[in-house]
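# Structural characterization, general
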Amino acid sequence: MKPCIALTKGRLEKQFLKFFQSLNYDIDPLVNKGRKLRVETDDFLFVFAKGVDVTTYVENGIADLGIVGEDILAEFQPDVYNLFPLPFGQCRMALATEKGKEWPDRKRRIASKYTNITKEFFRQKGESVDIFKLEGSVELAPILGLADGIVDIVETGNTLRENGLVIKEEFFEFSARCIANRSSLKIKREKLTPVIEAFQEGVKVK
Amino acid sequence: MFLPAGSQDEIGNRLNSRLKAYEIFRQVTTKRNFKQISTPVVEYANTFTNKYAGMELQNMLKWFNRDGEIEVLRPDWTTAIARALVSQHPSQLKWSYQGSIFRSDKHGTESRQAGVEIVHTTPLLGESECLLTAIHYLKELHIDHYLIELGHTGIFDELTSPLKLETDQLEKLRMAMHDKRKDEVYQIVANSGNSNIADQLSMLIDAYGSFDVLEKYEKLWAGNSRLLDILGHLKQLAVLLKDLGVQDILVDLGRVKNLPYYCGTMFRGFLATDGSTCFSGGRYDKLYEQFNEQISAVGLAFDVDVLADHYSLQEKIDKICIIANEETHVYAENLRTTYPEAIVDIQYTLINEGDYDKILQIVKENDEYKVVQK
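Residues numbered from 1 in each chain as written. Chains lettered and ligands numbered in written order. Predicted model: local features only at pLDDT ≥ 70, side-chain atom pairs only at ≥ 80, totals over all residues. Heavy atoms only, no water.

## Here's the deal with the overall build of chain A
When its secondary structure is counted, chain A shows nine helices and eleven strands. In terms of principal-axis extent, the alpha carbons of chain A reach across some 60 × 30 × 30 Å. Looking at the 206 residues of chain A, the share that counts as buried comes to 50%. Of the contacts made within chain A by residues no fewer than 6 positions apart, 71% connect residues no fewer than 24 positions apart. When the accessible surface of chain A is totalled, it reaches about 10700 Å², and 46% of it is carbon and sulfur. (Helix = DSSP H or I, 4+ residues; strand = E, 2+ residues; numbered from the N terminus. Buried < 20%, exposed > 50% of the residue type's maximum accessible area, 1.4 Å probe, protein only. Contact = heavy atoms within 4.5 Å. Areas by Shrake-Rupley, 256 points an atom, 1.4 Å probe, with all protein chains shown as cover.)

Shown next as structure tokens:
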């Protein structure tokens, strides 16, 4: 059976394909896949899913390897081998607030998609906060008065600026990572080792 | 009425397979002179959360009792058995158990295990008996394709001892090794100022494979007698398994303990068909230190749910239906005893013909009962 690789759809998918092509793998079937979520190439079976679902497929042995952002791994702590960083998907996690607004003199309210990362960040600072879980457009929360600040991914900072927010603190830099199922890495080592080594060589070159 | 997440009713073949897996386990361990032990489902949380056992309270099913103490549903067999064995006479060396454990961090809240614990026995004998019991049991279940992985906690301990890391840094490093997270392993150790050990530990992450891994590291660690002793011990176990016909033996020298009480050899079995872990275990002498006892102890636990999923009831048992009525029911019951090897069902009307291999009807002729096969 061909090794199964789960890819995070969207931006990471495009960056991975570019990286994969640089390792001399044929990416045509993956580029021209249309709306298919499962594509078989000569060497691999690829499945395309949301980041957190990539970890679920890998953890449960449906996929042998996965390509996923480290933000997802830090937030959901899946039981997988978290092998090494890949040379794309670089981002940072930041605490942001409305420009010119003072922190309130009470327990703060923070909105985020990443409630576990937020909880751990403030725990490290020794501060108790109330966290609101949002699914997207987190920047709205301070503007509309739901929260005093947000914890979110920042790539260029443009979205924050356009919504009148400023970074108060950056605390976690990360990139995409290669993860593996705990059994597959050993049981299918003969098939997985060449591709893992190719990825690692690619990382060194970049 | 609904079930909570993680709970499930079981019926039919899956339940039969699980019960059979338990039954075969009991037969195998009885023949190997294990004595059965059972501990209560409800225990104090502290039995499992103390520094020797080191389990996380947040992953347990728990409540306060009327005295304000935290009680839990048994989350682990080994720790519970260690508590129970302290009061047992030390002459009994081999113990076996079977039953459920309950954890909230797993997909199913309740999971079924069967396992063995061997105490007061020399390391090689105890570990060999654990592994041989595993092979014996898998053979009886007709499970032929599996891999056995060997590892040792002493390798990480030996390589990290010169680093003099603080407890939290050491734990961070252990977790990074557990996740085979090479970049972080290197970073933590390099930050402590020892790039040589950083290189060694990063390389160790990839030190998994067959026998040749042992041979490669025997050369690399030629000057370190403690590491060579560990490799020698693992090799003895690997040779034993090989001589018994186990083809797929895997060594992972970079494996670290995932519970604080492991202190020596660790082993794990994977089913080759889908990679699921069918057993795991190892040496855990340190667990007994909480009772001020110096005891050599080793054990392993089988995941009976996984085994039941892969075990299909081998022998086909004939299923017979005897059609009787109120008057002939006693005759039918006597007739049942003449089919001791079959499943015999007595019905007044035939409900589903396809369920049976043979259908017998009792008819009365001239005041005598007669059996007619339909």
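Still more to cover.
## A look at the domain arrangement of chain B
We note that the domain assignment places domain 1 (1-143 + 277-297), domain 2 (146-272) and domain 3 (319-373) within chain B. Of note, the centres of domain 1 of chain B and domain 3 of chain B, computed from C-alpha atoms alone, are 44 Å apart. (Domains from an automatic or database assignment.)

## Section: the packing of helix α4 (residues 123-140) of chain B against helix α10 (residues 225-243) of chain B
Residue and element names in this part refer to chain B. Where α4 meets α10, the axes come as close as 11 Å, and the angle between the chain directions of the two elements is 35 degrees. Judged by the twist between their axes, the crossing of α4 over α10 is right-handed. Of α10, the residues touching α4 (which contributes P123, L124, E127, S128, L131, L132 and I135) are H233, Q236, L237, L240 and L241. By residue class, the composition of the contact of α4 with α10 is eight nonpolar, three polar and one charged. (Axes fitted to C-alpha atoms, helices over the stretch in contact; angles between N-to-C directions. Left-handed = near helix turned anticlockwise from the far one by under 90°. Nonpolar A, V, L, I, M, F, W, Y, C, P; charged D, E, K, R; others polar.)

## Considerations on the sheet that holds strand β4 (residues 70-73) of chain B
Residues and elements named next belong to chain B. In space, the three strands of this open sheet follow the order β2-β4-β3, with antiparallel pairing throughout. For this open sheet the edge positions go to β2 (42-44) and β3 (62-64), each flanked by a neighbour on one side alone. In this sheet, neighbouring strand axes are inclined to one another by 35 degrees on average, regardless of whether the strands run parallel or antiparallel. Bridge count for β2 against β4 is three bridges, and the pairing is antiparallel. Bridging across to β4, E43 finds its partner in V72. (Pairing = 2+ DSSP bridges.)

## Observations concerning the interface of chain A and chain B
Opposite the 16 residues of chain A that make contact, chain B presents 18 residues. The contact between chain A and chain B buries some 1400 Å² in all, and 50% of this surface belongs to carbon and sulfur atoms. When residues of chain A are sorted by the area they lose upon contact with chain B, K186, I187 and R189 of chain A head the list and together hold 40% of the total. One salt bridge in this structure joins D252 of chain B and K186 of chain A, with 2.7 Å as the shortest N-O distance. Counting the contacts that link chain A with chain B gives nine residue pairs in polar contact (both at pLDDT 80 or more). Elements that contribute at least two residues to the side of chain A that touches chain B include exactly β5 (81-85), α8 (184-187) and α9 (189-205) of chain A. The dominant element in the side of chain A that touches chain B, judged by the number of residues it contributes, is β5 of chain A, at five residues. Of the residues assigned to the side of chain A that touches chain B, the class counts are seven nonpolar, three polar and six charged. (Buried area = accessible area lost by both parts, 1.4 Å probe. Salt bridge = Lys/Arg side-chain N within 4 Å of Asp/Glu carboxyl O. Polar contact = N/O pair within 3.5 Å; in protein donor to acceptor, adjacent residues only side chain to side chain.)

## Notes on the side chain of S17 of chain B
All names here are of chain B. Positionally, S17 belongs in helix α1 (residues 12-31). Overall, S17 belongs to the buried group, its relative accessible area being 5%. A distance of 3.3 Å separates the side chain of S17 from the backbone oxygen of Y311, its partner in a polar contact.

## Topic: the nonpolar core
Counting residues in each nonpolar core, the largest one holds 65 residues, and the members touching the most others are L150, L201, L204 and L253 of chain B. Composition of this core by domain shows at least three residues from each of domain 1 (1-143 + 277-297) and domain 2 (146-272) of chain B. Setting aside its immediate chain neighbours within four residues, L201 of chain B contacts F156, L159, T160, L173, M177, V185 and V189 of chain B. F19, F46, L83 and I196 of chain A belong to the second largest nonpolar core, which has 31 residues in total. (Core = buried A, V, L, I, M, F, W, Y, C linked by side-chain atoms within 4.5 Å.)

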